[in-house]
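# Structural characterization, general
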Amino acid sequence: MKLVSIVVPFYNEEPMAPHFFSKLYEVLEPLKQYQFEIVAVNDGSKDKTLDILKGIQKEHKEIRIVNLSRNFGHEPAVAAGLSVAKGDAIIPMDADLQDPPEVIPLLLEKWEEGYDVVNARRKQRKKDSFMKKTTAQLFYKFIHKHSGKVKVPQDVGHYRLVSRRVLDEVLKLGEITRVFRVEVPFVGFKTTFVDYARPEREFGETHYNYKSMLDLASDSITSTSPNLLRFILKLTVALVCLNALNGVSLLTFAILHWTNAFRGIGEFGLWMWLIIFVLVLMTTIIMGSLSLMAEYQSKMMKEVQHRPFFIIDEIIE
Ligand code: UDP
Ligand code: MG
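Here's what I pulled together on the structure shown here.

### Digging into the overall build of the chain
The secondary structure content of the chain amounts to 10 helices and seven strands. Its C-alpha radius of gyration of 27 Å places the chain more than 25% over the 20 Å reference for a compact globule of 317 residues. Along the three orthogonal principal directions, the C-alpha set of the chain runs to about 100 × 55 × 35 Å. Counting every position in the chain, which comprises 317 residues, the buried fraction comes to 43%. Approximately 17,900 Å² of the chain is accessible, and the part contributed by carbon and sulfur atoms is 63%. Within the chain, one finds 40 positive and 38 negative side-chain charges whose respective centroids are separated by 5 Å.

### Structural notes on helix 7 (residues 180-187)
By the criterion of burial, helix 7 is predominantly enclosed, with seven of the eight residues buried. Listed in full, the buried residues belonging to helix 7 are Phe180, Arg181, Val182, Glu183, Val184, Pro185 and Val187. Downstream of helix 7 by one or two residues, Gly188 has phi in the positive range, about 85 degrees.

### Let's talk about the sheet that holds strand 2 (residues 34-42)
Spatial ordering of the open sheet is given by 3-2-1-4-6-5-7, a layout of seven strands whose pairing is mixed. The sheet is open, and its two borders are formed by strand 3 (63-67) and strand 7 (191-197), each paired with just one other strand. On average, each strand axis in the sheet is tilted by 20 degrees relative to the strand beside it, whichever way the strands run. Two strands pair when backbone bridges link them, and strand 4 (residues 89-92) and strand 6 (residues 160-163) are joined in this way by two bridges, in the antiparallel orientation. Across the sheet, Ala89 pairs through a bridge with Ser163, a residue of strand 6. Contacts from helix 2 (residues 49-59) reach strand 1 (2-10), strand 2 and strand 3, with the element oriented near 155 degrees to strand 3. Sitting on the sheet, helix 6 (residues 164-172) touches strand 4, strand 5 (117-124) and strand 6, and the angle it makes with strand 6 is about 90 degrees.

### Here's the deal with the packing of helix 9 (residues 230-258) against helix 10 (residues 266-305)
Relative placement of two packed helices is described by the angle separating their axes and the distance separating the axes. Orientation of helix 9 relative to helix 10, taken along the N-to-C sense of each, is 160 degrees, at an axis distance of 9 Å. Looking at the two axes, helix 9 sits roughly antiparallel to helix 10. The crossing of helix 9 and helix 10 is left-handed. In terms of residue class, the contact of helix 9 with helix 10 is made up of 19 nonpolar, 11 polar and three charged.

### Regarding the coordination of the magnesium ion (ligand 2)
Looking at the magnesium ion (ligand 2), the protein donor atoms are Asp96 (OD) and Gln98 (OE1), and they sit 1.8 to 2.0 Å from it. Owing to a relative accessible area of 4%, Asp96 belongs among the buried residues under this scheme. The buried category is assigned to Gln98, whose relative accessible area is 13%.

### What about the side chain of His74?
For His74, the location among the structural elements is in helix 3 (residues 74-84). Residue classification places His74 among the buried residues on the basis of a relative accessible area of 18%. Apart from residues lying up to four places away in sequence, His74 is in contact with Pro9, Asp43, Asp94, His158 and Tyr208.

### Here's the deal with the site of ligand 1
Residues in contact with ligand 1 amount to 19 residues; listed here are only the nearest, Glu13, Asp43, Asp96, Thr206 and His207. Glu13 has a polar side-chain atom sitting 2.6 Å from an oxygen atom of ligand 1. Contact with the protein chains covers 93% of the free accessible surface of ligand 1, which is 530 Å². Every element with two or more residues in the shell around ligand 1 is listed here: strand 1 and helix 3. Of the residues in the shell around ligand 1, the class split is six nonpolar, six polar and seven charged.

### Some points on the pairing of strand 7
Burial along strand 7 is one-sided: Thr192, Val194 and Tyr196 are buried, and none of Thr191, Phe193, Asp195 and Ala197, which face the opposite way, are. Both strand 5 and strand 7 contribute to a ladder of seven bridges, which runs parallel. Bridging from a neighbouring strand, Arg121 pairs with Asp195 of strand 7.

### Examining the pattern of salt bridges
Counting across every chain of the model gives 14 salt bridges. Close ionic contact of Asp215 with Lys211 constitutes a salt bridge, the shortest N to O distance being 2.7 Å. A residue pair is termed a helical-turn pair when its members lie 3 or 4 positions apart in one helix, as Asp215 and Lys211 do in helix 8 (residues 210-224) at four residues. When its relative accessible area of 57% is taken as the criterion, Lys211 is described as exposed. When salt bridges with common partners are traced through the structure, they connect Asp116, Arg165 and Asp313 into a single cluster.

### Concerning the environment of Asn71
As for its position among the elements, Asn71 is in the loop between strand 3 and helix 3. For the pair Asn71 and Lys46, spaced 25 residues apart in sequence, the C-alpha to C-alpha distance is 8.8 Å. Setting aside residues no more than four positions away along its own chain, Asn71 makes contact with Tyr11, Asp43, Gly44 and Lys46. Among the polar contacts listed, one links the side chain of Asn71 to the side chain of Asp43, at a separation of 2.9 Å.

What counts as what
Residues numbered from 1 in each chain as written. Chains lettered and ligands numbered in written order. Predicted model: local features only at pLDDT ≥ 70, side-chain atom pairs only at ≥ 80, totals over all residues. Heavy atoms only, no water. Helix = DSSP H or I, 4+ residues; strand = E, 2+ residues; numbered from the N terminus. Rg over C-alpha atoms; globule rule 2.2 N^0.38 Å. Buried < 20%, exposed > 50% of the residue type's maximum accessible area, 1.4 Å probe, protein only. Areas by Shrake-Rupley, 256 points an atom, 1.4 Å probe, with all protein chains shown as cover. Lys, Arg positive; Asp, Glu negative; His and termini not counted. Charge placed at Lys NZ, Arg CZ, Asp CG, Glu CD. Pairing = 2+ DSSP bridges. Axes fitted to C-alpha atoms, helices over the stretch in contact; angles between N-to-C directions. Contact = heavy atoms within 4.5 Å. Parallel < 35°, antiparallel > 145°, perpendicular 65-115°, else oblique. Left-handed = near helix turned anticlockwise from the far one by under 90°. Nonpolar A, V, L, I, M, F, W, Y, C, P; charged D, E, K, R; others polar. Donors = N, O, S within 2.8 Å, 3.2 Å for Na, K, Ca; no water. Near = heavy atom within 4 Å. Polar contact = N/O pair within 3.5 Å; in protein donor to acceptor, adjacent residues only side chain to side chain. Salt bridge = Lys/Arg side-chain N within 4 Å of Asp/Glu carboxyl O.

Okay, structure coming up:
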């Protein structure tokens with residue numbers, strides 16, 4: 001029988017946890033053809049979440065509790081759960097029912113069709129605030145544009161199914177800053193989508209504020225690709241062009257002035273122009289040095305991140 005791991009991080013989810021499990025079991029019960037393990041990660045909750053988990057575990061032996069030493073955050077909590085998950089397929093999801101368990105059978109269906117990654121995609125975010133919707137949209141657009149050959153899917157968070165071999169490849173990645181949603185597309189393999197409407201959180205409250213969202217966005221963008229550093233180079237090229245144009249015009253007017261053909265700018269004007277030219281030139285030199293450093297830094301980042309150069313799906317002979 002195939003084993004499916006469901007990985008759920010819990011942080012101060014006292015009001016939510018019982019609802020989550022009753023809803024989850026409603027969905028899992030009819031899926032008799034699978035064996036399930038539920039990896040519940042307690043991310044240093046300060047309320048009674050751990051006791052609740054232990055209580056539920058008494059009746060459900062398939063629950064494994066991973067108790068972290070303190071609160072590490074959503075991303076590390078999921079990573080901890082994934083590191084111990086034993087399933088042939090692994091589904092990370094939130095504990096607040098915003099990742100509705102009803103989607104699980106659809107994910108499994110696609111997995112059975114042969115997909116290694118089945119992304120649960122948020123189709124509507126009706127209930128999210130205007131700010132959250134807009135920032136999320138901006139984030140996904142930006143990362144999509146700058147992630148090079150890695151195509152980070154829009155509106156997909158943690159919730160998805162990954163096959164054992166995809167998870168193994170993700171766990172092999174050597175980086176310390178782990179962002180699951182950009183690591184999975186990096187690893188690749190046959191991928192598909194299942195759409196769902198994202199409901200509102202019914203109990204408890206979100207642990208994300210704008211600062212943690214910004215941290216996540218920054219981690220995702222910088223760990224996906226060093227290409228953003230190229231911006232400095234682009235700016236330098238623009239400055240070089242501007243400076244060349246400026247230099248040629250300055251020289252032309254200086255010659256016109258010396259040959260008495262046109263003296264409209266005046267001696268003082270020419271001196272001022274020369275000062276501006278030298279200032280822009282110096283800025284260009286600084287920017288040039290910075291872009292040189294950025295180039296080396298992006299190489300260094302790739303080396304430190306130690307991501308594989310390629311991943312083979314299969315060899316057909
Ligand atoms: N979570 C966690 N550690 C934290 C913050 C959140 O394990 O420091 C868990 C939380 O219990 C939930 C999931 O991560 O299961 C998503 O959190 P939340 O619903 O607050 O995020 P949002 O849906 O608002 O993005
Ligand atoms: Mg939530």
